[in-house]
Amino acid sequence: MAQVRLEHVRKTYPNGFVAVDDASFTADDGELLVLVGPSGCGKSTLLRMIAGLEDVDDGTISIGDRVVNEVAPRDRDIAMVFQNYALYPHMTVAGNLAFGLTLRGIGKAEIAARVGEAARMLGLEELLERRPAALSGGQRQRVALGRALVRQPQVFLLDEPLSNLDARLRAAMRVEIARLHRRLGTTMVYVTHDQVEAMTLGERIVVLDRGRVQQIDTPMALYERPVNLFVATFLGSPAMNVIHGRLEASTGTGDAALLAGSGLRIPLPGLQVPTEWQGRELAVGVRPEHLVPADGAEGETIEPVIEVVEPVGSEVFVNLRLDGQVLVARLPPGPLPRVGERLAMRVSGGKSHVFDAGDGRRL
Ligand code: ATP
């Protein structure tokens, strides 16, 4: 096993496009580290540089104690699983699993042992004699994982390995990968654009945007204390509500309030307002679960109009409009006022996030 460390890594493609800009992070020995960000943020480029499939322009990449910038991919002791897990169609599952090991000159008995072990771990024992055409998408993906597993590398690199699967299978495979990681304890770097996958799989997550690392932390720390508006709105579904306006310090009720647009006034209970925030243009974020029915509680409320109600069984997403401002609330299931009616609501105490309206950083 080994840690993977990137220090000030930069990648400019020949057309001059800077895909990765000064990236530094470490996947600790045995950690499952997720790289997440929107399409084009540079996550695959980062993973390909760790694998040695892409040159590094600046900075260093180390695996274990060794700087690997100049080390050939096959000598890095890593195994990579891609989104397009091309299996050899003319070979059986067993043949696909064994192929890389045969190439490396590993003995027959050792190959049989490793293939057997991987098949057992991934539930492929009954399928070893089948060819890829006779497998489901999920089974093929498991074979692709198995091919990496039999290599017994120091580090696994996974690039969107589940994105070709349907939602249900993806959720099931996610659990299998988490279980596999727990059992093997091998360092994994996992790339995805899917924030749910990142939040559920990652021990820590690196959030990327436009080639730059935005924040590195545990899923809950990212969710509860995003360092900027990008991280705040990228993680969480439905996304955090963001309202632009000026803050006003405590009113008669002791709450701070946000004054937005034409006369809109949103009380923000429990928010401490330093003097330098007074009168300044800010962006205030409120997660959908922190916008709750007032239920006759003390303090000021807002009364947005219900526009759309989306029941999903365990909860209800409600789209609301307050003057020009659109808001989303996540409510427990139960009777609600109808579309077009007003619902008295409030922001949960101490749950608002304040960002600079200009550069989006957390204040
Ligand atoms: P996706 O989720 O869509 O795969 P990504 O975050 O993995 O995106 P990368 O594949 O790392 O993104 O690409 C990062 C940026 O670099 C993108 O804007 C892409 O267009 C650009 N890029 C990738 N490969 C090249 C190349 N060979 N030449 C020029 N630009 C490239």
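Quick caveat: nothing in here was measured; it's all calculated off a predicted structure. (Residues numbered from 1 in each chain as written. Predicted model: local features only at pLDDT ≥ 70, side-chain atom pairs only at ≥ 80, totals over all residues.)

## Regarding the sheet that holds strand S2 (residues 18-27)
The 4 strands lie next to each other as S2-S1-S4-S5, forming an open sheet whose pairing is antiparallel. The sheet terminates laterally at S2 and strand S5 (66-67), the two strands that pair on one side only. Pairing geometry for strand S4 (residues 58-63) and S5, over 2 bridges, is antiparallel. Paired with Ser62 across the bridge in S5 is Val67. (Pairing = 2+ DSSP bridges. Helix = DSSP H or I, 4+ residues; strand = E, 2+ residues; numbered from the N terminus.)

## Remarks on the domain arrangement of the protein
On domain assignment, one finds that the protein holds domain 1 (4-234) and domain 2 (241-356). Taking the mean C-alpha position of each, domain 1 and domain 2 sit 40 Å from one another. Tallying the contact residues gives 5 residues for domain 1 and 5 residues for domain 2. Its residues assigned to classes, the side of domain 1 that touches domain 2 comprises 3 nonpolar, 2 polar and no charged. (Domains from an automatic or database assignment. Contact = placed C-beta atoms within 7 Å. Nonpolar A, V, L, I, M, F, W, Y, C, P; charged D, E, K, R; others polar.)

## Here's the deal with the packing of helix H2 (residues 93-103) against helix H4 (residues 137-149)
For the pair H2 and H4, interaxial distance at closest approach is 8 Å and the crossing angle is 30 degrees. By the angle between their directions, the pair H2 and H4 is classed as roughly parallel. Relative to H4, the crossing made by H2 is right-handed. For the pair H2 and H4, contact is made by Val93, Asn96, Leu97 and Gly100 and by Val143, Gly146 and Arg147, respectively. In the contact of H2 with H4, the residues fall into 3 nonpolar, 3 polar and 1 charged. (Axes fitted to C-alpha atoms, helices over the stretch in contact; angles between N-to-C directions. Parallel < 35°, antiparallel > 145°, perpendicular 65-115°, else oblique. Left-handed = near helix turned anticlockwise from the far one by under 90°.)

## Section: unusual backbone geometry
Of the consecutive residues Ser237 and Pro238, the connecting peptide bond is found in the cis state with omega at -5 degrees. Within the secondary structure layout, Pro238 lies in the loop between helix H8 (229-234) and strand S11 (241-248). For Asp22, which is not glycine, the phi torsion reads 55 degrees and is therefore positive. Relative to the elements of secondary structure, Asp22 occurs in strand S2. Located in the positive-phi region is Arg210, a residue other than glycine, with phi close to 45 degrees. For Arg210, a count of 15 C-beta atoms within 10 Å puts it in the partly exposed group. (Buried ≥ 20, exposed ≤ 12 C-beta atoms within 10 Å, placed from the backbone.)

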